[in-house]
Amino acid sequence: MPDFRLEEACQGSVAGVDEAGRGPLAGPVVAAAVCFCGRALPRAARRMINDSKKLSASGRNEAFEVIHEFGVLGIGEASVAEIDRLNILQATMKAMQRAVDNLDLRPDIVLVDGNRTPEMPIDCRAVVKGDSISLSIAAASIIAKVTRDRIMTRLAVDFSAYGWDRNAGYGVPDHIAALETYGPTPHHRRSFAPVRNTFSDEIRK
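Just so we're clear, the structure is a prediction, and the values are computed from it rather than from any experiment.

Quick notes on the rules
Residues numbered from 1 in each chain as written. Predicted model: local features only at pLDDT ≥ 70, side-chain atom pairs only at ≥ 80, totals over all residues. Heavy atoms only, no water. Helix = DSSP H or I, 4+ residues; strand = E, 2+ residues; numbered from the N terminus. Rg over C-alpha atoms; globule rule 2.2 N^0.38 Å. Contact = heavy atoms within 4.5 Å. Areas by Shrake-Rupley, 256 points an atom, 1.4 Å probe, with all protein chains shown as cover. Lys, Arg positive; Asp, Glu negative; His and termini not counted. Charge placed at Lys NZ, Arg CZ, Asp CG, Glu CD. Core = buried A, V, L, I, M, F, W, Y, C linked by side-chain atoms within 4.5 Å. Buried < 20%, exposed > 50% of the residue type's maximum accessible area, 1.4 Å probe, protein only. Expected span 1.5 Å × (residues − 1). Polar contact = N/O pair within 3.5 Å; in protein donor to acceptor, adjacent residues only side chain to side chain. Axes fitted to C-alpha atoms, helices over the stretch in contact; angles between N-to-C directions. Left-handed = near helix turned anticlockwise from the far one by under 90°. Nonpolar A, V, L, I, M, F, W, Y, C, P; charged D, E, K, R; others polar. Salt bridge = Lys/Arg side-chain N within 4 Å of Asp/Glu carboxyl O. pLDDT = per-residue confidence, 0-100. Pairing = 2+ DSSP bridges.

A short note on the overall build of the protein
- The helix and strand inventory of the protein stands at 9 helices and 5 strands.
- From first element to last, N terminus to C terminus, the protein shows the α and β order α-β-β-α-α-β-α-α-β-β-α-α-α-α.
- Relative to the 2.2 N^0.38 estimate, which gives 17 Å for 205 residues, the radius of gyration of the protein is 18 Å and therefore close to what a compact globule would have.
- Considering only contacts in the protein between residues 6 or more positions apart, those separated by 24 or more positions represent 66%.
- Working note: accessible area of the protein is about 9,900 Å², and carbon and sulfur atoms make up 50% of it.
- Between the mean site of the 26 positive side-chain charges and the mean site of the 26 negative ones, the protein shows a separation of 3 Å.

Some words on the nonpolar core
- Formed by 27 residues in total, the largest nonpolar core has its most connected members in Val-17, Val-29, Val-100 and Val-110.
- Among the secondary structure elements, those contributing two or more residues to this core are strand E1 (14-20), strand E2 (29-35), strand E3 (72-78), helix H5 (88-101) and strand E4 (109-113).
- Not counting chain neighbours up to four residues away, the residues in contact with Val-100 comprise Val-17, Ala-33, Pro-107, Val-110, Met-120 and Ile-122.
- The next biggest cluster of nonpolar side chains, apart from the first, holds 22 residues, and it includes Phe-4, Ala-32, Leu-55 and Leu-73.

Some words on H5
- Between its first and last C-alpha, H5 extends 20 Å over 14 residues, near the 20 Å set by a 1.5 Å rise per residue.
- What H5 keeps buried is the set Ile-88, Leu-89, Ala-91, Thr-92, Met-93, Ala-95, Met-96, Ala-99 and Val-100.
- Buried-residue contacts for H5 involve E1, E2, E3, helix H4 (80-86) and E4.
- One side-chain oxygen at the N-terminal end of H5 lies 3.0 Å from the backbone nitrogen of Leu-89; it belongs to Asn-87.

Section: the packing of helix H3 (residues 57-70) against helix H6 (residues 135-156)
- In contact at an axis separation of 9 Å, H3 and H6 are set at 115° when each is read in the N-to-C sense. In this structure, the crossing between H3 and H6 has a hand that is left-handed. Contacts between H3 and H6 involve Arg-60, Asn-61, Ala-63, Phe-64, Glu-65, Ile-67 and His-68 on the former and, on the latter, Ala-139, Ile-142, Ile-143, Lys-145, Val-146, Thr-147, Asp-149 and Arg-150.
- Split by residue class, the contact of H3 with H6 holds 7 nonpolar, 3 polar and 5 charged.

A look at H3
- Look at H3: 20 Å from first C-alpha to last across 14 residues, which is about the 20 Å you get at 1.5 Å a residue.
- In this structure, the buried residues of H3 make contact with E2, helix H2 (43-48), E3 and H6.

Focus: the pattern of salt bridges
- Under the counting rule described, the total for this entry stands at 8 salt bridges.
- Through salt bridges that share partners, Asp-51, Lys-53 and Asp-131 make up one connected network.

Some words on the confidence of the model for the protein
- Confidence in the prediction of the protein, expressed as mean pLDDT, is 94, and 97% of residues score 70 or more.
- Below pLDDT 50 for its whole length, residues 201-205 participates in 0 contacts with residues either more than four positions away or in separate chains.

Digging into the sheet that holds E3
- Spatially, 5 strands are ordered E3-E2-E1-E4-E5 in an open sheet, and the strand pairing comes out mixed. The two strands at the open ends of the sheet, each matched to only one other strand, are E3 and strand E5 (123-127). Averaged over all pairs of adjacent strands, the angle between strand axes in this sheet comes to 20°, irrespective of strand direction.
- Inspection of the sheet shows E2 paired to E3 by 7 bridges, in the antiparallel sense.

The structure is reproduced here in structure tokens:
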């Protein structure tokens with residue numbers, strides 16, 4: 001389970017950063033930054049927070065509310081247009097920068113899940129598998145995941161054939177089948193091969 005040992009080894013305030021949505025074929029990439037000032041998080045709340053991938057949907061939603069209660073949060077997005085223009089890595093870095101910029105405080109140190117960090121005028125450190133180690137990063141992974149899932153559920157209202165309320169835009173079989181049948185929407189990432197291939201198929205026809 002993640003804990004505050006990484007944060008306690010740092011001097012000053014710490015924000016954890018993680019993203020959701022690098023792999024899907026549709027929708028934005030979303031990043032979150034979370035700072036628990038003074039590590040003020042009750043023990044029961046700490047037990048609810050883990051890498052978002054290790055929690056059920058209901059567990060993520062419960063933790064989402066707890067994190068909002070005790071943490072300082074910032075959310076950042078990069079649009080489909082930015083993903084297609086910049087590439088998914090650079091768009092993700094943009095979303096992370098925006099998440100930190102949207103915090104109501106300026107952290108002294110930013111801990112980022114993974115092996116790369118965005119450019120920012122703050123001490124920024126990459127933490128491989130950080131969402132399994134750091135409570136701040138794990139909390140950010142939950143906020144990013146729940147926020148993005150809710151975005152995709154709202155988009156699914158107007159594009160129900162693609163099942164985004166169930167698959168969050170990932171390239172699962174029912175999404176691919178709808179893409180092949182109905183073609184891409186304005187929310188599809190045209191730089192991603194399964195979407196790009198639908199245009200190639202049209203040209204071949």
